Every structure is written in C-alpha cells, then in structure tokens.
Amino acid sequence: MDKRRNSKGGQRSRRGILLDDDDDARGDSQNFWGPCRTLPDYFIDLSGKRASVREEALSTILKALTLNIEQKFVELNFVTLVYQCLHFIKKGSPTEMKQAAHIIGLLSMITTTVEKVHEAYEDVLTALSQGGLKPKLKTLEILGCLTVVTFFGASNSDETESVMKLLWDLINPGTDSSIERKDSPAVLTAMISAWSFLLSTIDGWRLSHKNWQGAITYFSNIIDSDDEELCAAACEALALVFESNCLEKFSSATKDSNKELKDNIIKQLRSRLSETGNERISSQDPRTGFNSASAALDFLEDRKCANTHVTIGGQKLILSTLSQKVQLKFLKHFLRNDGFVKHMMENENFHNVFDFHPKRRNDWGNVLYVPEREEVTILLFRPMVARHNDCSLLPSLTRDKQLAKKKTMSPNSHLSKARTQLLKKQRDLSLKEREFDCFDY
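Computed from a prediction, not measured in an experiment: that's the story for all the values here.

Draft legend 1. Spatial organisation of unusual backbone geometry. Positive phi outside glycine occurs at Asn245, with the angle close to 60°. On the secondary structure map, Asn245 appears in the loop between helix H11 (228-243) and helix H12 (255-273). According to the relative accessible area criterion, Asn245 is exposed, its value standing at 56%.

As structure tokens, this is what we get:
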C-alpha cells in the first residue's frame with residue numbers, strides 16, 4: 001500500500017494522481033511536457049475548445065507583441081489573427097474579448113503592410129458599428145482597439161472622422177437620442193481621450209462643418225467636473241480644438257463670442273489650477289508624466305506650444321506641437337512604459353509617426369567585434385642538428401637553450417610583444433564598449 005505524505009516537501013494526492021511539491025519534481029514535469037512553447041504553438045491553441053487554453057494563448061501572444069516586435073509572426077499570421085480576435089470580441093468571454101481587442105491594436109501597430117492594416121480597420125469598424133456590438137464600445141479595451149486601428153489603418157481624414165463621429169455620439173448623445181447617460185467617469189474619460197487622439201491626426205480645414213457644433217461648450221462644462229482625469233481630458237480636447245484654428249466648426253457663435261468663450265475657459269483653468277490645497281487637475285498623469293490641464297492653459301494663453309523633449313532609450317525626442325504630445329501620451333498609455341520604449345526604439349511605424357530615428361551601435365561606423373578567444377602563434381625555424389654522445393656539442397646545446405629563452409621569456413621577444421599588443425587591444429575594446437553602451441532600456 002502506498003504511503004502518501006502530507007508534510008511540506010512531500011506528495012499530495014488528488015484524484016489518484018501523485019503531485020510532488022518539490023522544485024525538482026516541477027522541473028521533471030516540465031521536462032516531461034517537452035521544450036518551451038513558441039508563439040506559433042500558442043497561435044494554434046486559439047482554436048482550442050477549452051476557454052482556459054484560449055485565454056492562456058491570448059495572454060501569451062498579447063505579452064509577446066507588447067514587449068517585442070514580432071514582425072515575422074505578425075506578417076505571416078495577421079489576417080487569421082484579426083479574424084480570430086474579432087470572433088472572440090463577438091462571442092468570447094469577457095477576458096477573451098478584452099485580450100483579443102488589445103491584440104488587434106498591437107497588430108495594427110506592428111505590421112508594415114498598408115493593405116492589411118486598412119482591411120483590419122474596415123473589419124473592426126464594421127463589426128463594432130453593428131447594433132448588437134455597439135454597446136461594447138464602452139469597454140475600455142475595445143475602445144482603445146478601435147482608436148489605434150483607426151490611427152494606423154485609416155487611409156484618409158473622412159475615414160478617421162467617421163470613427164470620431166461614432167465616438168461623439170457616445171460622448172454627447174444629445175437630448176433627442178435614445179441613449180441614456182449611465183457611463184462612469186472612467187469610460188467617459190476614455191472616450192474623450194480617444195476622440196482627442198484622432199482629432200490630433202486631422203488638419204482643421206478637413207473637418208466637417210456640421211458634426212462638431214457645440215463641442216466647445218460641452219467640454220468647457222466638463223471642466224467643472226469633480227473627477228480629475230475627466231477634467232484633464234476635457235482640457236486636452238479644448239486645447240486641440242483651438243490648435244485646429246477652425247473654431248467655427250466647433251461652435252456656431254461669432255468670432256467675438258468665441259473670443260469671449262476662450263477667455264472664460266482660461267479663467268476656469270486658472271481658477272482650478274490655483275485652488276489652494278486642491279490638486280485634482282494639477283497633478284500629472286502617473287503613467288505618462290503629462291499634465292493636460294497645465295499644457296492646455298499654456299497653449300490657450302500663448303497660442304503656441306513650447307518645444308519639449310522626452311528621453312527614450314537614452315535619446316531625446318522633441319515634441320513641437322500639442323498634437324504630438326497627445327499622440328505620445330495615448331500610445332504610451334496603450335502600451336504601458338516597457339512596451340512603449342520597445343516600440344519607440346524598434347517599431348518602424350512609430351519612427352514614421354514621431355520622426356524619431358534612434359541611433360544604433362552599427363550606425364556609428366566603428367563596429368567593435370570582441371572575439372570570444374584570441375591566440376598568438378609564433379613559428380620558429382630550428383634546423384635539424386645531428387646529435388652525438390660526445391661532449392663536443394655541449395656549447396651548442398647551451399646556445400640553443402639561451403636562444404629559446406631569449407625568444408620566449410625576454411621582454412623584447414616576439415612572443416612578449418604580441419602578448420602586450422593583445423592585452424592593449426582588449427583594454428581599448430573594453431573602454432570603447434563602455435563608451436558606446438549608452439542605451440537605457
């Protein structure tokens with residue numbers, strides 16, 4: 001009869017299976033299951049019948065695409081992945097839906113094929129515009145997915161503005177709409193931030209004259225909100241509206257009335273930022289370090305955006321417009337800090353968006369190749385000399401030993417000089433390696 005131990009480090013019995021708690025046993029079980037799994041393996045698991053298997057596969061793919069630029073995997077499986085993720089959004093569990101939505105956004109960021117990302121934009125917009133799925137737009141992950149796919153996949157301003165209109169109908173349903181306002185401040189903040197993010201990509205003169213009437217009044221009323229993030233999002237949207245330099249498309253008032261409205265907004269912001277003991281909107285976004293309210297006030301007062309720079313991977317990125325700051329903030333929030341740095345350094349699409357081209361070690365011309373092993377070989381020619389048993393060759397043997405000692409042990413020997421040169425070369429390589437190693441991922 002088997003003896004089962006319940007003490008620490010022993011075995012536990014469950015449904016007739018012996019489970020060992022020791023680390024060695026866990027290592028043995030890993031060896032039993034085989035080598036580490038790859039992304040294609042998890043890609044196959046997306047078609048599994050068990051929800052736990054699918055969720056694990058989605059989680060692994062999501063993490064891999066966030067922290068690495070899996071270009072080859074994305075280009076090879078883009079279309080299939082998008083359709084599978086759309087299926088999870090429609091019929092998957094809440095966890096599957098959120099993970100799949102985030103993956104679609106990452107796919108659109110990574111692929112360099114314009115046709116693929118535009119097709120993904122059309123498919124996502126079509127799916128989320130349907131009546132049954134439209135309420136899911138208020139899920140933060142799906143909202144981020146639609147916004148990012150539009151940013152990278154829309155081929156013109158009309159396509160971008162159509163998504164903005166979809167968001168605007170959720171942000172401001174209007175009195176005649178059947179949509180009842182029950183959104184939490186977090187959801188409303190996310191919708192306004194997504195709307196602002198897309199607005200930052202369109203020139204003001206391309207915007208419709210009829211879609212955005214009343215936007216200035218709506219956002220100025222939100223400034224009085226008690227929610228810090230909601231107030232900051234409204235300030236950010238207002239600043240972008242004024243940066244577009246097309247106020248007539250956001251308000252039906254005359255130029256003089258718009259000037260008065262702008263002055264009132266500035267007074268509101270000054271009042272909120274100067275409130276003693278209240279840091280509701282004066283604090284920075286902890287995830288991005290961006291102060292939306294302060295930046296909006298500075299822009300409205302000066303009508304220009306001061307150049308600022310951020311350090312990414314040890315290199316400076318200059319931001320000269322408010323639109324660039326908003327785009328940086330949104331993408332950094334979507335990717336989190338580690339993923340954002342990785343994509344900024346290696347993602348070609350990000351380089352094009354921000355005109356950021358990080359220098360790499362092999363771009364500097366002096367590539368240092370440090371060999372794993374170096375050897376110095378010296379060939380000495382020593383003629384064959386007949387040896388006899390007499391003592392007549394004793395002086396000759398002494399001379400041979402002295403010559404060998406001179407060639408190997410003397411400081412002026414070829415071997416000593418070669419050894420000195422090798423050590424000097426290795427010291428120079430180490431110094432230059434530390435000098436070039438300036439990346440702080």
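Moving on from the coordinates now.
Draft legend 2. Layout of the pairing of strand S4 (residues 315-319). Where burial is concerned, the two faces of S4 differ: the one with Gln315, Leu317 and Leu319 is buried and the one with Lys316 and Ile318 is not. Summarising the sheet, strand S3 (residues 308-312) and S4 pair through five bridges and their orientation is antiparallel. Note that in S4 the partner of Val310 across the bridge is Leu317. Turn length for the S3-S4 hairpin, with the two strands adjacent in sequence and antiparallel, is two residues, and the turn residue Gly313 shows positive phi of about 60°.

Draft legend 3. Focus on H11. Counted at 1.5 Å a residue, the expected span for H11 with its 16 residues is 22 Å, and the 23 Å between its end C-alpha atoms agrees. Most of H11 is tucked away: 13 of the 16 residues are buried. Taking the backbone nitrogen of Glu229 as reference, a side-chain oxygen 3.2 Å away marks Asp227 as the first, capping residue of H11. Phi turns positive, to about 60°, at Asn245, one or two residues after H11.

Draft legend 4. Region of interest: the nonpolar core. In terms of nonpolar packing, the biggest core is built from 113 residues, with Trp195 and Phe219 touching the most fellow members. In contact with Phe219, not counting residues within four places along its chain, are Trp168, Ile192, Trp195, Ala234, Ala237 and Leu238.

Draft legend 5. Spotlight on the packing of aromatic side chains. One pass over the full model with this rule turns up twelve aromatic pairs. Aromatic pair Phe43 and Phe73: ring centres 6.1 Å apart, planes at 90°, arrangement edge-to-face. Linking Phe43 in helix H2 (residues 39-45) with Phe73 in helix H4 (residues 71-91), this pair joins segments that are 30 residues apart in sequence. By the burial criterion, Phe43 is buried, and Phe73 matches it.

Draft legend 6. Representation of the side chain of Thr111 in the model. Here Thr111 lies in the loop between helix H5 (94-110) and helix H6 (114-129). In terms of polar contacts, Thr111 uses its side chain to reach the side chain of Glu75, at 3.1 Å. What Thr111 contacts, discounting residues up to four positions off in sequence, is Gln71, Val74, Glu75, Phe78, Lys116, Val117 and Asn349.

Draft legend 7. Just the packing of H11 against helix H13 (residues 292-302), in detail. Taken N-terminus to C-terminus, the directions of H11 and H13 make an angle of 25°; their axes are 8 Å apart at the nearest point. One finds that H11 runs roughly parallel with respect to H13. By crossing handedness, the relation of H11 to H13 is classed as left-handed. Judged by residue contacts, Ala232, Cys235, Glu236, Ala239, Phe242 and Glu243 of H11 engage Ser292, Ala293, Ala296, Phe299 and Leu300 from H13.

Draft legend 8. The arrangement of the state of the cysteines in detail. With the rule as written, the count across this model stands at zero disulfides. As a non-bridged cysteine, Cys235 has Cys231 as the owner of its nearest cysteine sulfur, 4.3 Å distant.

Draft legend 9. Molecular detail of empty space enclosed by the protein. Counted under the stated rule, the structure contains one cavity of 30 Å³ or more. Computed from the structure, the largest cavity encloses a volume of approximately 40 Å³. Forming the boundary of the largest cavity are Phe78, Val79, Val82, Tyr83, Lys116, Glu119, Ala120 and Asp123. Those elements that provide at least two residues to the lining of the largest cavity are H4 and H6. Along the lines of polarity and charge, the residues of the lining of the largest cavity split into five nonpolar, no polar and three charged.

Draft legend 10. Just the pattern of salt bridges, in detail. Enumeration according to the criterion identifies seven salt bridges in this entry. Glu346 is paired through a salt bridge with Lys342; the nearest N and O atoms lie 2.8 Å apart. Of this pair, Glu346 and Lys342 both sit in helix H14 (residues 322-346), four residues apart, which is roughly one turn of that helix. Take Glu346: its relative accessible area is 33%, and that puts it in the partly exposed class. By relative accessible area, Lys342 is classed as partly exposed at 22%. One salt bridge connects Lys424 with Asp428, and the closest N-O pair in it is separated by 3.4 Å. Highlighted residues: Lys424 and Asp428, both in helix H17 (residues 414-436), separated by four residues, approximately one helical turn. According to the relative accessible area criterion, Lys424 is partly exposed, its value standing at 47%.

Criteria and cut-off values
- Residues numbered from 1 in each chain as written.
- Predicted model: local features only at pLDDT ≥ 70, side-chain atom pairs only at ≥ 80, totals over all residues.
- Heavy atoms only, no water.
- Helix = DSSP H or I, 4+ residues; strand = E, 2+ residues; numbered from the N terminus.
- Buried < 20%, exposed > 50% of the residue type's maximum accessible area, 1.4 Å probe, protein only.
- Pairing = 2+ DSSP bridges.
- Expected span 1.5 Å × (residues − 1).
- Polar contact = N/O pair within 3.5 Å; in protein donor to acceptor, adjacent residues only side chain to side chain.
- Core = buried A, V, L, I, M, F, W, Y, C linked by side-chain atoms within 4.5 Å.
- Contact = heavy atoms within 4.5 Å.
- Phe/Tyr/Trp six-rings, centres within 6.5 Å; stacked < 30°, edge-to-face > 60°.
- Axes fitted to C-alpha atoms, helices over the stretch in contact; angles between N-to-C directions.
- Parallel < 35°, antiparallel > 145°, perpendicular 65-115°, else oblique.
- Left-handed = near helix turned anticlockwise from the far one by under 90°.
- Disulfide = S-S within 2.5 Å.
- 1 Å grid on protein atoms, 1.4 Å probe; cavity = no way out; pocket = protein on both sides within 12 Å on 5 of 7 lines; lining within 4 Å.
- Points joined across faces, edges and corners; volume = space filled by probe spheres on them.
- Nonpolar A, V, L, I, M, F, W, Y, C, P; charged D, E, K, R; others polar.
- Salt bridge = Lys/Arg side-chain N within 4 Å of Asp/Glu carboxyl O.

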